[in-house]
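Observations on the three-dimensional arrangement
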Amino acid sequence: MATIGADYPTRDWIAAGWRIKVAFSDGVTRRIDLLAGRHFPTTPVRTALVDHPETMTWPHVESDGILCLLPNMAEWDPDDPSTVAMGLLHRSIILIEELLEGGIVERDFREEFVTYWGYRVHSQGQSLFSLLAPTPSSRRVRVWRGKGLEVVGEDHEFLAAWVHHRFGDKTPVKTEAAAYLWLDTPPLPADYPETAVDLYRMAERVGDDARTILEEVASNEPDEVLVLFGAIGRGGAALIGVKVPNPKRRKSRPRAPDEPLSVGFRPHHTPQSLLLGRYFGALPVIRTQVQRADADWIHGRGQDSRTLRLLGETVVIIGCGSVGAPVACALAQAGVGRIVLVDPEILGWPNVGRHPLGATDVGRNKAEALAERLRTDYPHLTIEHRPCGLHQLIAQDGDLLAAADLIVAATGNWVAESALNRWHVAQGRARPILYGWTEPHACAGHAVAIGAEDGCLQCHIGRTGAPELTVIEWPEGGGATIEEPACGAHYQPYGPVELTYVTAMVTDAAMDCLLDPPKHSFSRVFVASARRIAAFDAQLTKTWRAAFGELGEGIRTVDRPWPSASCAACGPGRLDEAA
C-alpha cells in the first residue's frame, strides 16, 4: 500500500489500495487501482487508471489517473463494500473501453466543458459573478469592479440597481465594457487560450461579430479585458471566463513605469491595428471560472419553467407580520420579480420570536426593514415598501393595487380586509386577491383566493369578521388566547414551527394564483395533527367534522369552493366603495 499511496501525493484520504491488471480490447494490459479512503466503507472506493495518457487526453480521467464515475448524488450500500467495489471496477473497465474506442472523448469534453475548463483555470472565479442570461448572441456587456468583487451585467443601469440593492445606495458604481461571446460548440481542451493572441483567434473563429466586440472592448485600453463565453453543455447553458491584463509594462524594462498602449501617439489616436497588436500579443491570459448569479440560475438552476413567468409578476403583500412576512420571503425566493410590502407598524420584541426579522430591526417599520433585507438577499429583484395602512394605500396608491398581478392580504384585521374586498368588487376583480389568516395557536390556517367570476371574501364571512367555517373548537372558558397584564392585550404563545405549515400553505395558494389565476374563488384550509389539537384540550368543530370527517394521522390540507352568496358586499344591493 505504501507504493500505491506514493503514486497519489495529493490524495491524503487514501487509507488502503489494491492494484489489478486488466487486459483490454486493444491488446494492452493496464493497471487499475482500487483505493479505499479513511471513512471506508461509509464512503465508496475510488478507482484510478495507473497507465493513463497525458492529462486532458481523455475525459473522466484526472491528472493522477483517478476516474470520475459517480455523480455527487450517487447512492451505494455501505454494508456490502465488496460488491460496491466490484461494481465500480466493472464500470471503470467499461469506461476505459469506451475511451479507447474514442466515440465519447470529444462528446464528453464538450458536454461537460465547465468541468474540464475548471481543471485548467488560473482563478476559481469565487469573486466573478455573472448576472447575464447565458443565451445567444454575442454582445457587449458591462462589468462593475468593487472591492474584491467583479459583477457582469447587461448594462450600466441594471448593474447599478443590483449593486445598490446589495450594498446600499451610497456605493459608487462605475462600470466598464466587457465582452460576452456565444459559442455554438463548447471548446475542447486543445482550444483553451493560453495567450492573448490565442483568445483573439478564438474570437475570430466564433465570427466577425465576436471579433468586433472584442476589439471594441480593448480599444478603450482598460486595465483588463474581461471575456465571458457562453455555450450549451449537458444540462443547459454555462459560462467560462478569460481575462487579458493590459500589457502596460514592457518585458525588456521590468522596472520601468507603466506605459500606455498608445505610447508614441496622442491618447486615443493609436492606429487600431497597432493597438490591438499590442494588446493581443504573446502575454498569457488568465482563465477563470464564473459564478452564475442570474435570476434563472438562482431560482431553479435554469431548469424551472416557472421562473420567467414569476420574474414578470408584481405582488403586493398587505400586512408584514408573522404570516405576511414569511410569505413575502418565500415569494422572493421563488423569484417574483416585484414585491411591494405594506405595513404601518413597527417591529417589537414580542414579534421577533415568529418573524423573519430579528433584534437588529426592532423599532423599525416592518415593511421597510423587510424590504431592505430582501433587496440585500435578492438584489436582482425589485422590492418596495409602503409604511402605511390599507385604507391609506387604497386612497393614495390605488393604481398600484389595480395593476398588481396578485394582492396578498395578511393583516388579520377585518375592518381593513372588508374594505379591500369591497374595493376589489368595485374594481371588477380583474386580478385575484388572496386572504390568509390563522386560527388560535396556528392549529389551523386559511387561504381564500377571490377569483374573477364569483364569490367575494364576505360571502362566507359574517359582517363582524367571523368565518362561517372554523376548524377548531376551544374548551369553554378560554384556551384560545392569553391576556397580558394590560388592558385588552391578548396573545397566543405559539412559535414559528407551528406557523410554518400555515405560511407554506398560504404561499402555495399564492403561487397557484400567480401561475394560473383562478376564475372561481376557492378556500384552502390547513389543519394541524390530532396530537397537537388535543394538547390544547381542543377539538374539531361539528361543522368541520360534518364536511370532512375526523383527522387521520399527520396534518391535512383541504381545498373547497368559495361560491358567491350574493352578500352585502357583492350582491345586487351592494354599496360600491370605489377608491
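You'll find the structure just up there.
Small disclaimer: the values here were computed from a predicted structure and weren't measured.

1. Here we look at the packing of aromatic side chains
Counted under the stated rule, the structure contains 10 aromatic pairs. Where Tyr200 meets Phe280, the ring centres are 5.4 Å apart and the plane angle is 40°; that geometry is what we call tilted. Of the two residues, Tyr200 is situated in helix H6 (residues 196-206) and Phe280 in the loop between helix H8 (272-279) and strand S10 (286-289); the sequence distance between them amounts to 80 residues. Take Tyr200: its relative accessible area is 16%, and that puts it in the buried class. A relative accessible area of 6% means that Phe280 is categorised as buried. These aromatic residues form a ring-pair network of at least three members: Phe109, Tyr116 and Tyr119.

2. Observations regarding H6
Within H6, the full set of buried residues consists of Ala196, Leu199, Tyr200, Met202 and Ala203. Each buried residue of H6 lies within a common arc of 160° when the element is viewed along its axis, so the set occupies one face. With its phi angle positive at about 150°, Gly207 sits one or two positions after the end of H6.

3. Observations regarding the side chain of His424
Within the fold, His424 resides in helix H16 (residues 414-427). Apart from residues no more than four positions distant in its own chain, His424 is found in contact with Arg429, Arg431, Pro432, Ile433 and Ile450.

4. A word on the sheet that holds strand S2 (residues 29-37)
Strands sit in the order S1-S2-S3 across an open sheet of 3 strands; the sheet is antiparallel. The open sheet terminates on both sides in strands that have one partner only, identified here as strand S1 (14-23) and strand S3 (46-49). Each neighbouring strand pair of the sheet contributes to a mean axis angle of 25°, computed without reference to strand direction. As paired strands, S1 and S2 are joined by 9 bridges and run antiparallel to one another. Within the sheet, the bridge partner assigned to Gly17 lies in S2 and is Leu35. In the packing of helix H2 (residues 81-101) onto the sheet, the strands contacted are S1, S2 and S3, and the crossing angle to S2 comes to about 140°.

5. Topic: helix H13 (residues 366-377)
When the terminal C-alpha atoms of H13 are compared, their 16 Å separation across 12 residues agrees well with the 16 Å that a helix rising 1.5 Å per residue should span. Along H13, the positions that sit buried rather than exposed are Lys366, Ala367, Ala369, Leu370, Ala371, Leu374 and Arg375. Of the residues that open H13, the one with a side-chain oxygen 3.0 Å from the backbone nitrogen of Ala367 is Asn365.

6. Quick notes on the environment of His460
Mapped onto the elements, His460 comes out in the loop between strand S17 (444-450) and strand S18 (472-473). We classify His460 as buried; its relative accessible area is 15%. For the pair His460 and Pro563, spaced 103 residues apart in sequence, the C-alpha to C-alpha distance is 8.5 Å. Every residue in contact with His460, bar those within four places of it in the chain, is listed here: Pro467, Glu468, Trp562, Pro563 and Ala565.

About the thresholds
- Residues numbered from 1 in each chain as written.
- Predicted model: local features only at pLDDT ≥ 70, side-chain atom pairs only at ≥ 80, totals over all residues.
- Heavy atoms only, no water.
- Phe/Tyr/Trp six-rings, centres within 6.5 Å; stacked < 30°, edge-to-face > 60°.
- Helix = DSSP H or I, 4+ residues; strand = E, 2+ residues; numbered from the N terminus.
- Buried < 20%, exposed > 50% of the residue type's maximum accessible area, 1.4 Å probe, protein only.
- Arc of directions from axis to C-beta.
- Contact = heavy atoms within 4.5 Å.
- Pairing = 2+ DSSP bridges.
- Axes fitted to C-alpha atoms, helices over the stretch in contact; angles between N-to-C directions.
- Expected span 1.5 Å × (residues − 1).
- Polar contact = N/O pair within 3.5 Å; in protein donor to acceptor, adjacent residues only side chain to side chain.

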